[in-house]
Each structure stands twice: as structure tokens, then as C-alpha cells.
Amino acid sequence: MKYNYTRRKSSETKIGGIGIGGTNPVRLQSMTNTSTMDTEGSVAQAMRIAAAGGEIVRLTTQGEREAANMAEIRKGLDEKGCNVPLVADVHFNPSAAFKALETCEKVRINPGNFVDPARTFKKLEFTDDEYSQELERLEQTFVPFLEKCKKYGRAIRLGVNHGSLSDRIMSRYGDTPEGMVESALEYLRICRKEGFNDVVISIKSSNVGVMVETVELLAGKMEEENMHFPLHLGVTEAGDGEDGRIKSAVGIGTLLGEGLGDTIRVSLTEDPEKEIPVAKKLRDYILSRENHKPIEEPKTLSPGRDRDKSVGIKGMEGINYPIVVGIDIDKIPNDWHTADADSVPEIYNDLNPVVVSTTNANIPGSIAAWIDRFREKGGKNPVILKVSYTDSELEDLQIKASADLGALLLKGYGSGIWIEAPIDREAINSLSLGILQAARLRISKTEYIACPSCGRTLFDLQKTLKEVKEATKEMKGLKIGVMGCIVNGPGEMADADYGYVGAGPGKVSLYKGKELIKRNIPSEQAIDELLTLIKSTSPKMD
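Computed from a prediction, not measured in an experiment: that's the story for all the values here.

(A) Here's a closer look at the pairing of strand β19 (residues 507-512). Alignment of strand β18 (residues 498-504) against β19, held across six bridges, turns out to be antiparallel. Looking across to β19, one finds that V501 is bridged to S509. Hairpin connection between β18 and β19: a loop of two residues separates the two successive antiparallel strands, and G506 in this loop has a positive phi of roughly 75°. Judged from the five bridges that link them, β19 and strand β20 (residues 515-522) form a sheet pairing that is antiparallel. Looking across to β20, one finds that L510 is bridged to K518. The antiparallel hairpin formed by β19 and β20 contains two residues in its connecting segment, where G513 sits at a positive phi of about 60°.

Pasting the structure below:
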């Protein structure tokens with residue numbers, strides 16, 4: 001948490017005619033869900049993304065055939081006067097990445113599977129010598145790739161996904177933020193050694209807290225090693241509708257508010273062009289904090305304190321999650337205190353809650369600084385985070401409240417939240433619980449970990465997600481993954497209780513955690529089979 005907003009200084013990476021990082025604005029991007037062999041469909045969708053304000057378009061590139069056809073897509077866009085840069089998205093297949101350099105302005109590779117084999121979820125053991133040999137093998141493959149990047153003037157994105165860390169990284173670091181960061185740094189050190197600087201890095205997770213922690217750690221580690229590469233932000237498998245917007249705004253908004261991030265993608269299980277307006281609203285809202293009224297910082301405390309659960313709220317003893325004003329309590333008692341975050345903290349003679357709000361454009365920084373100054377002076381009262389907005393459009397409120405409250409909650413601030421806006425109270429209550437769930441502080445419904453769909457997807461993901469949500473809507477407290485293919489499926493949904501993963505055309509495989517339970521079920525039977533699996537194995541269904 002940074003009290004006063006300043007943007008991280010990064011180096012510039014050129015992608016065609018677009019600059020990322022440096023003094024450039026935060027760039028918006030999306031990814032097509034068409035087959036990359038469908039030239040006409042891919043061109044049309046890329047143009048829709050660009051027309052919506054997307055500045056970069058990514059397409060899946062499973063093999064050399066798809067990589068070669070990117071040239072036809074580029075040609076089709078150029079003929080229609082659309083110069084949006086194209087990015088090839090490569091997994092498991094270095095030869096496709098090499099081929100894509102001939103046709104695309106940028107190539108995304110996944111450090112978890114560019115050289116290392118696909119993750120098997122088996123615990124492997126490496127001696128120090130064996131680990132060093134694996135790093136040498138990585139360099140032997142990666143350096144020729146960088147040389148070809150230089151030849152064609154291409155950029156790369158090192159895209160680390162929580163769900164696809166290699167078994168080698170897992171053996172040394174485990175399934176941790178440190179492992180995710182090291183997965184990127186191994187490649188970045190080679191880039192620096194070879195004098196290659198046209199790099200963007202992303203580290204994504206479907207777990208918002210893990211994503212935020214890991215990007216912060218990466219930024220710190222890069223600073224220690226004098227690296228300033230631009231950052232691409234996103235919450236992977238965020239889902240659709242309200243959930244997708246909340247999770248994305250909590251994760252991306254928290255990091256943008258800390259000055260991190262040079263390009264963003266809001267990954268929604270919706271038509272790709274619908275991602276761009278959401279991303280733009282989020283970016284513009286955070287950037288509106290520039291030149292905010294300076295915030296008085298505490299003198300001795302560092303930001304981000306653990307939530308103090310030892311102090312309960314009178315009448316709510318035993319509750320260990322943040323309360324919601326409007327759900328848990330309708331009217332604030334007269335003996336509760338109120339405070340303006342711009343004021344000098346007052347110390348009270350009781351332990352009644354303090355409701356703190358602010359008019360500062362930087363809501364999280366202002367409220368966090370007040371709480372830390374309050375604690376610095378010895379204040380012990382629980383604090384309720386109050387935010388007020390004039391927005392009458394629900395999506396606008398979802399984005400703003402999630403970015404503001406999410407940043408505070410993830411850093412341990414607040415024993416409760418209170419959202420005010422000229423919007424239906426039921427919608428505000430749903431939003432409040434959604435923010436707490438995204439921060440993993442209060443689970444009130446089933447959580448869906450769903451990828452945004454791409455050309456690898458093996459079924460109609462948007463339709464299937466809606467059907468799975470309808471069939472499981474009464475199952476409270478579960479996490480269910482709905483994934484289009486195996487690239488990140490088994491890994492990203494390892495955090496889920498159950499997984500529904502595309503295994504082939506018209507075929508679905510079902511998982512319980514990381515364990516494959518049923519393989520290649522006909523898609524028309526898969527939801528019934530999923531329900532049977534959940535009801536027979538989940539202790540929450542007892």
C-alpha cells in the first residue's frame with residue numbers, strides 16, 4: 001500500500017508502433033476467442049477490439065501453422081486500415097514461438113512450459129547440479145529465440161501463470177509467489193545478459209491476493225536487480241458478469257493504485273471487445289488519483305497492518321470476518337464514532353467502532369494513512385471503511401468500489417465496509433459481499449474460476465459457464481473451475497474444489513482439486529456428471 005500515488009518508472013518496450021512503459025499511458029488489450037486459422041473471423045474480431053479502444057490484440061498460437069497464418073491476419077487488418085499490433089500466445093511449443101516472430105509484433109511465451117515440459121503435478125527432486133544443468137538447457141533454447149527477436153525487431157511477453165509453474169520450479173520453491181517470481185527472473189536475467197530489453201512481464205493468478213502479492217514481490221526483486229521492465233497486469237480466469245468485474249478491479253486496481261502496471265487486460269468470460277470498456281473505466285479511475293491532495297503519512301508505521309481481530313464489535317462477538325453495513329447491521333448505533341480521513345485522529349475512551357471516510361481522490365491511500373496514524377497514536381477501536389459515490393451505473397460502482405475497498409481489505413485494513421451510492425440496496429449488498437469474497441475474507445457464495453475463452457477453447461465457454469452457474473447456484477462456499485482447455489486448466493483450478501475442463505471437441509474431463517476423476521465425458525452429459533461428483537464427494541453437501 002502506498003499512501004500517496006506515484007507511478008513506477010519503467011523502461012519502454014516497443015510493440016509495432018505502440019510503446020509500453022516509460023512515459024506511455026497504461027495500454028489496454030484483449031485476446032480473440034476465434035480460431036487463429038479463421039482469418040476472416042479473427043480479423044473481424046480484432047477490429048471490434050480495436051474499435052472498442054483495444055490497443056493490442058493477442059491470438060492463440062498452438063503450432064507453426066497458426067503462427068504462419070498470423071501473417072494473413074496481419075495482412076487482412078492492414079488492408080482494412082487497422083494497424084493494431086498482434087501478439088502470438090504460445091504454450092508448450094518453442095517452434096511455434098520461433099515461427100511467430102516472422103509474423104507478429106510480439107510473442108508471449110510461458111516460462112512454465114517454454115523449455116520445461118508440461119507440469120505433471122508430481123514432486124520431482126533436483127540436486128543443485130541437476131538444477132544448474134536445467135538452467136543451462138533453458139538458456140541454450142532461449143538465447144537463439146532472443147537472437148531471432150533482435151533480427152525481426154520483435155518484443156516478447158514473459159507470461160507466468162500460477163497454474164502452469166514447471167515441476168522444476170515447484171520442486172525448489174513450491175506453489176508460492178517466490179516460485180512465480182523466480183520463474184520470470186530466470187528468463188529476465190538471460191535477457192539482460194544478452195542485451196535484450198524489449199520485454200514485458202506478467203504474473204497472473206485466479207486468486208486475487210496471490211496475484212497482488214506476487215506482482216509486488218516481482219517489482220521489488222526487479223528493483224533490487226536494477227531491472228525496470230514494464231508490467232502487464234491481469235487476474236486470470238476472473239469469470240463473467242459482476243464476479244469478473246469485481247475480481248479484476250480488486251486485483252488490477254490495487255496494483256495500479258500502487259503505481260504498478262503499464263498495460264492491462266481484464267479477462268472476462270464474455271465477448272473480447274466487452275473487456276475493453278471495463279479496462280478503460282478501471283484505468284481512468286485509478287489515474288484520476290494523479291495530483292490528489294497530499295496525504296499525511298504516519299511517522300513510524302509502515303503501511304499494511306494485519307487486521308486486528310482481537311477487538312470485536314459490540315453485539316457481534318465471535319464474528320471473524322468484516323461486516324457489511326446494510327446486511328449485518330442496517331443502522332449505525334449512536335455510540336459509534338465517525339472520522340474524516342483528512343482530520344487528525346482522535347483517541348477514544350471506549351472500543352466502539354470508528355466509521356472513517358474521505359473526500360480525497362485517492363480513497364485507499366487517504367483511509368490507510370488515517371488508520372495507521374490512528375494506530376500510531378494508540379487507537380484500538382475497530383474501523384469501518386465507508387466509501388460514497390455518485391455513480392448511478394452499476395458497472396461504474398462495481399469498478400470503483402472494488403478498486404478502493406479491495407486495496408484496503410487486501411492489506412489488512414477494516415473490520416467492516418459500508419458502500420453508499422444512488423443504486424438499489426440489494427445490488428450494493430451483492431457488490432459488498434463480492435468484494436469480500438474476491439479478497440478471500442468472507443465466502444458467501446460459490447466462486448467460479450473461469451477462463452475468458454480463446455482459440456484453444458474446446459466448447460462454448462460462455463454458454464457452459466452460465467449453465468454450470470445455474471446448476472450449482474445453491475451450493476454455497478464451493479470453488480468451481482470452468483476451463484476451456486488444458487493449458488492452464490488443471491493448474492489454475494488447482495485452487496478450486498472441482499474442475500470442468502475441455503479435453504477435446506465435445507469432450508470434458510472432471511477434476512476434484514488436482515485429481516482427474518473422469519476423462520472425456522460427452523459435453524452433453526458433463527454438467528450432470530459434475531453435479532453427481534460434487535454431491536457424492538463434497539463435505540459441504542452433507
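(B) Unusual backbone geometry, seen in detail. Even without a glycine there, the phi angle at F92 is positive, about 70°. Position of F92 among the secondary structure elements: in the loop between β5 (86-90) and α3 (94-100). Using a relative accessible area of 36% as the deciding quantity, one classes F92 as partly exposed. Its identity as a non-glycine residue notwithstanding, R440 has a phi of 60°, on the positive side. By secondary structure assignment, the location of R440 is in the loop between α12 (425-438) and β16 (447-450). The partly exposed category is assigned to R440, whose relative accessible area is 26%.

(C) Representation of the layout of surface pockets in the model. Of the volumes computed, that of the second largest pocket is approximately 270 Å³. Every residue along the wall of the second largest pocket is listed here: D240, G241, E242, D243, S430, K445, T446, Y448, K469, E470, K473 and K476. Contributing elements (two or more residues each) for the lining of the second largest pocket: α8 (241-257) and α13 (461-472). Among the elements that make up the lining of the second largest pocket, the one with the highest residue count is α8 (three residues). Tallied by class, the residues present in the lining of the second largest pocket amount to one nonpolar, three polar and eight charged.

(D) Geometry of the packing of aromatic side chains. Evaluated as defined, the whole model comprises nine aromatic pairs. Here F114 and Y187 contribute two aromatic rings whose centre-to-centre distance is 6.5 Å and whose plane-to-plane angle is 70°, an arrangement assigned as edge-to-face. Taken together, the positions of F114 in the loop between β6 (106-109) and α4 (128-152) and Y187 in helix α6 (residues 177-193) put the pair 73 residues apart, joining distant regions of the chain. Since its relative accessible area comes to 4%, F114 is described here as buried. Members of the aromatic cluster, connected to one another through ring pairs, are F98, F114, F142, F145 and Y187.

(E) The arrangement of the sheet that holds strand β11 (residues 323-324) in detail. With parallel pairing, the five strands of this open sheet are ordered in space as β11-β15-β14-β13-β12. The sheet is open, and its two borders are formed by β11 and β12 (337-340), each paired with just one other strand. Strand direction decides the pairing type here: β12 and strand β13 (residues 354-357), joined by four bridges, are parallel. Counterpart to T338 in the pairing with β13 is V355. Against the sheet, α12 makes contact with β11 and β15 (416-420), and its axis sits at roughly 145° relative to β15, the strand it touches most.

Calculation criteria
- Residues numbered from 1 in each chain as written.
- Predicted model: local features only at pLDDT ≥ 70, side-chain atom pairs only at ≥ 80, totals over all residues.
- Heavy atoms only, no water.
- Pairing = 2+ DSSP bridges.
- Helix = DSSP H or I, 4+ residues; strand = E, 2+ residues; numbered from the N terminus.
- Buried < 20%, exposed > 50% of the residue type's maximum accessible area, 1.4 Å probe, protein only.
- 1 Å grid on protein atoms, 1.4 Å probe; cavity = no way out; pocket = protein on both sides within 12 Å on 5 of 7 lines; lining within 4 Å.
- Points joined across faces, edges and corners; volume = space filled by probe spheres on them.
- Nonpolar A, V, L, I, M, F, W, Y, C, P; charged D, E, K, R; others polar.
- Phe/Tyr/Trp six-rings, centres within 6.5 Å; stacked < 30°, edge-to-face > 60°.
- Contact = heavy atoms within 4.5 Å.
- Axes fitted to C-alpha atoms, helices over the stretch in contact; angles between N-to-C directions.

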